[in-house]
Protein chains: 2
Amino acid sequence: MTAARTTETRTIDFTRGVPATESFPLEQVAECAAAAIGGPGGAQVLQYGKSTGFAPLREWLAARQGVGADQVLLGNGSLQIIEFIGLALLEPGDTVFVESPTYDRTLTLLRRHGARIVGIPMTPDGPDLAALEGALARQTPKFFYTIPDFQNPSGATAALPVRRRLAELAERHGFWILEDAPYRPLRYRGAQLPALFDLAPERTLQLSSFTKQIGPGVRVGSIVGDAAALARLAKAAEDTYITPNLVGEATVYEFCRRGWLEPQLDRLRALYGPRLAATAAALRAHLPEAAWIEPDGGFFLSVTLPEGVTCAALRARAAEGAGPQRRLRLLPRPGRRRPLPAPALLRAHPGADRRGRRAAGPRRRARGEWSVERGAWSEGATLCPTRLRSLRALRSALRA
Amino acid sequence: MTAARTTETRTIDFTRGVPATESFPLEQVAECAAAAIGGPGGAQVLQYGKSTGFAPLREWLAARQGVGADQVLLGNGSLQIIEFIGLALLEPGDTVFVESPTYDRTLTLLRRHGARIVGIPMTPDGPDLAALEGALARQTPKFFYTIPDFQNPSGATAALPVRRRLAELAERHGFWILEDAPYRPLRYRGAQLPALFDLAPERTLQLSSFTKQIGPGVRVGSIVGDAAALARLAKAAEDTYITPNLVGEATVYEFCRRGWLEPQLDRLRALYGPRLAATAAALRAHLPEAAWIEPDGGFFLSVTLPEGVTCAALRARAAEGAGPQRRLRLLPRPGRRRPLPAPALLRAHPGADRRGRRAAGPRRRARGEWSVERGAWSEGATLCPTRLRSLRALRSALRA
């Protein structure tokens, strides 16, 4: 048994923030869906409802956060709630601060609404406070979009002093903190830090989602914060889809009501933690030239390569050997020959990145940054050979 | 049994296009949800997927319509697909023709995207062709939004010659027909007419939804049409929510795959048909001064009152007696004293209407139009006394 384990090799799927398929509690969710629809409240689940979402789940989340139910709004995933923020709270030309780099889909939506985007560089301890204060000296943003826990894509976690300072600055300057916290329950090591919503509840709108906790297909995201601001989001939501998907929301509520969420989160931490450790160990062994922030949890890890590496060289080396499709997704778009300046990260989806890089401040600053995104790691201490070949290809490209 | 029936009275809920709660096949949907999530394809249902929607349901709808799967896109309700049309196909200032009056939520979204809205008056046989051709002589719209079957709110059904002419005009002038067909399966009398998509498949994008067929809470709408146009909607959808709610879509697919949709539609027609007949009979008996188009199906019926009736008088009369909340929803906003010009309809939600009336062409033309919307009718031949009092109040207001 022990001998078998040492030679066992499993696959790591490096993906774009996609949960591991084997993490889904399928039977439990099926049971919850049937109970939610077939039970005494079923008619309410199949009917139109308020655009704020399924009331019992709002109340459950509100009780957990210690806020009123009018301080919780549900949507079809948290990304769409960012869209409602754009519709309800942003005017074209409004300034929004983001971390640089940050979640590209948020940038897409901010651009849709004509925001002026200003990037605040990331450090291993969260956004660079000196840069943030410098930017605040020039202008006050409508809000600062931040992912304090296990950031997408850098993997960084904002340190407690950084969080406290962010809260102070938001209160002093009067901007909203838009705290995106989908990975927050997935901490694999260290102690949980207070959320920005805990530190500045009057100035923070906190996004979360059941995508990484149960599964994306239920399509249930949430936002917690100021009731008046949420009422404006609810109007945008009503105009857009009348009612969110109550079947998904009622299913998630049933799952939470039964006390199944915490055991599920325990399982996820036990599943993902060793995979992250294996990835970090492989990077240390096979890419010693690279630098990265080792995440304390979540889904994302970014690798920083030294100066002088060309995309073309990376791609060519990585394409050597088998299983091209997935490995190529780790690499920049073909035909881009310019050297990556240091620090340079490898991003999984260059398409989005390329567009972003041309459009807005944070992307320009993030020029040459690429991230290796991960959705899952192999269990055990070794990486699958295919993945190792990818890392070796990167390593040999570094030395080319 | 027969004697009991003649004295039995049941309630009609006049609502804003809300399906009758008793119409929901709760046990069947619960069983389908459990099978979809707990079955062999469950992991696919809980995972991220393409923004075009759950592939088996797309394929099922495509086969039914005789088109390719790339000609079907699913969304979280059909209204949100209209939002994607606004994002992907409309530029600010583009002209859109609509029927006057029409579904107010579509107008809200068209305005969100800066459309110039031109209203084409409704007749009992659908949009007024002379008015449409006059408008086309002045400009070609990006599209014409039409609800040919049991229109919201007029209840009118476009006659076959009108449909044929619309198809010809779209092809000749090169505009899209945006055919909204959520009520189409709910025909209570007469023969089904060809859809505009059948007559002009190259120029028509046909919206539908399972909201009126199964229930709003599953949040599954669809659009059928040109694959290239749908690919643009899919990009807008991906940017907005990545993936639609696959739990709802897979549940609906399971319902369809099992052959349960047609029997469900039979039940709905048997449920709603007599209610519409009862409403029409009550209108004939108690509001002979009013005129209306008697719908052949669907959810909507509009009452046209003669000239000289004031909103205040209507409201005052209707408020006499019991059960105010629901009855008042049938009446215009308090404090509006100006007489309703003839023809005048009673709309359920004056808030949306008031905004609309100020903003755009079709609303200005529809000045003074109000509709009585219905979601359900009492079974049997009599209306509930509360409802009758509403109608009597209208009648006595007419005579005031």
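Residues numbered from 1 in each chain as written. Chains lettered and ligands numbered in written order. Predicted model: local features only at pLDDT ≥ 70, side-chain atom pairs only at ≥ 80, totals over all residues. Heavy atoms only, no water.

(A) Layout of the relation of the copies chain B and chain A. For the pair chain B and chain A, the relating rotation is 180°, the translation along its axis is 0.0 Å, and the fit reaches an RMSD of 0.0 Å. Here the transformation between the copies is reduced to the relation of a two-fold axis. Scanning chain B for the C-alpha nearest the rotation axis identifies Ala34 of chain B, at a separation of 2.7 Å. The fraction of interface residues of chain B whose copies in chain A are also interface residues reaches 100%, indicating that both copies meet through the same surface. (Least-squares fit on C-alpha atoms with pLDDT ≥ 70 in both. Contact = heavy atoms within 4.5 Å.)

(B) Quick peek at the interface of chain B and chain A. Listed by partner, the interface residues are 50 residues for chain B and 50 residues for chain A. Note on chain B versus chain A: buried area summed over both sides is about 4,000 Å², and carbon and sulfur give 61% of it. Its largest share of buried area at the contact with chain A, chain B owes to Leu46, Tyr48 and Arg219 of chain B, together 16% of the area lost on that side. Taken together, chain B and chain A are joined by 2 salt bridges. We note a salt bridge from Glu238 of chain A to Arg105 of chain B, for which the minimum N-O separation is 2.8 Å. For the side of chain B that touches chain A, the secondary-structure elements that each account for two or more residues are helix H2 (26-38), helix H3 (42-46), helix H5 (78-89), helix H6 (104-112), helix H10 (227-241) and helix H11 (246-257) of chain B. (Buried area = accessible area lost by both parts, 1.4 Å probe. Salt bridge = Lys/Arg side-chain N within 4 Å of Asp/Glu carboxyl O. Helix = DSSP H or I, 4+ residues; strand = E, 2+ residues; numbered from the N terminus.)

(C) Focus on the packing of helix H5 (residues 78-89) of chain A against H10 of chain B. Contact geometry for H5 of chain A and H10 of chain B: axes closest at 6 Å, N-to-C directions at 95°. By the angle between their axes, H5 of chain A is roughly perpendicular relative to H10 of chain B. Within the contact between the two elements, H5 of chain A uses Leu79, Gln80 and Glu83 of chain A and H10 of chain B uses Glu238, Asp239, Thr240 and Tyr241 of chain B. Residues of the contact of H5 of chain A with H10 of chain B, tallied by class, amount to 2 nonpolar, 2 polar and 3 charged. (Axes fitted to C-alpha atoms, helices over the stretch in contact; angles between N-to-C directions. Parallel < 35°, antiparallel > 145°, perpendicular 65-115°, else oblique. Nonpolar A, V, L, I, M, F, W, Y, C, P; charged D, E, K, R; others polar.)

(D) Region of interest: the sheet that holds strand E4 (residues 126-127) of chain A. Residues and elements named next belong to chain A. Taken together, the 8 strands give an open sheet; going across it, the order is E1-E8-E7-E6-E5-E2-E3-E4, and neighbouring strands pair in mixed fashion. Strands with a single pairing partner mark the edges of an open sheet, and in this sheet they are strand E1 (72-75) and E4. In this sheet, strand E5 (residues 143-146) lies alongside strand E2 (residues 95-100) in parallel orientation, the contact comprising 3 bridges. Along E5, the bridge assignment pairs Val96 with Phe143. Strands in contact with helix H7 (residues 129-138) are E2, strand E3 (116-123), E4 and E5; relative to E3, the strand with the most contacts, it is inclined by about 155°. Along the sheet, helix H10 (residues 227-241) contacts E1, strand E6 (176-180), strand E7 (204-209) and strand E8 (221-224); its crossing angle with E1, the most-contacted strand, is approximately 25°. (Pairing = 2+ DSSP bridges.)

(E) Representation of the packing of aromatic side chains within the structure. In the structure shown here, the tally under the stated rule is 14 aromatic pairs over all chains. One aromatic cluster is present, built from ring pairs that chain together Tyr183, Tyr188, Tyr272, Phe299 and Phe300 of chain A. The positively charged end of Lys212 of chain B is found above the aromatic ring belonging to Phe299 of chain B, 5.8 Å away from the centroid. (Phe/Tyr/Trp six-rings, centres within 6.5 Å; stacked < 30°, edge-to-face > 60°. Lys NZ or Arg CZ within 6 Å of the ring centre and 35° of its normal.)

(F) Broad picture of the pattern of salt bridges. All names here are of chain A. The full count for this structure, using the stated rule, is 36 salt bridges over all chains. In this structure, Glu22 and Arg275 form a salt bridge, with 2.6 Å as the shortest nitrogen-oxygen distance. Pair noted here: Glu22 is in the loop between helix H1 (2-7) and helix H2 (26-38) and Arg275 is in helix H12 (residues 261-286), with a separation of 253 residues, a long-range link. The class of Glu22 is exposed, set by a relative accessible area of 52%. A relative accessible area of 3% places Arg275 in the buried class. (Buried < 20%, exposed > 50% of the residue type's maximum accessible area, 1.4 Å probe, protein only.)

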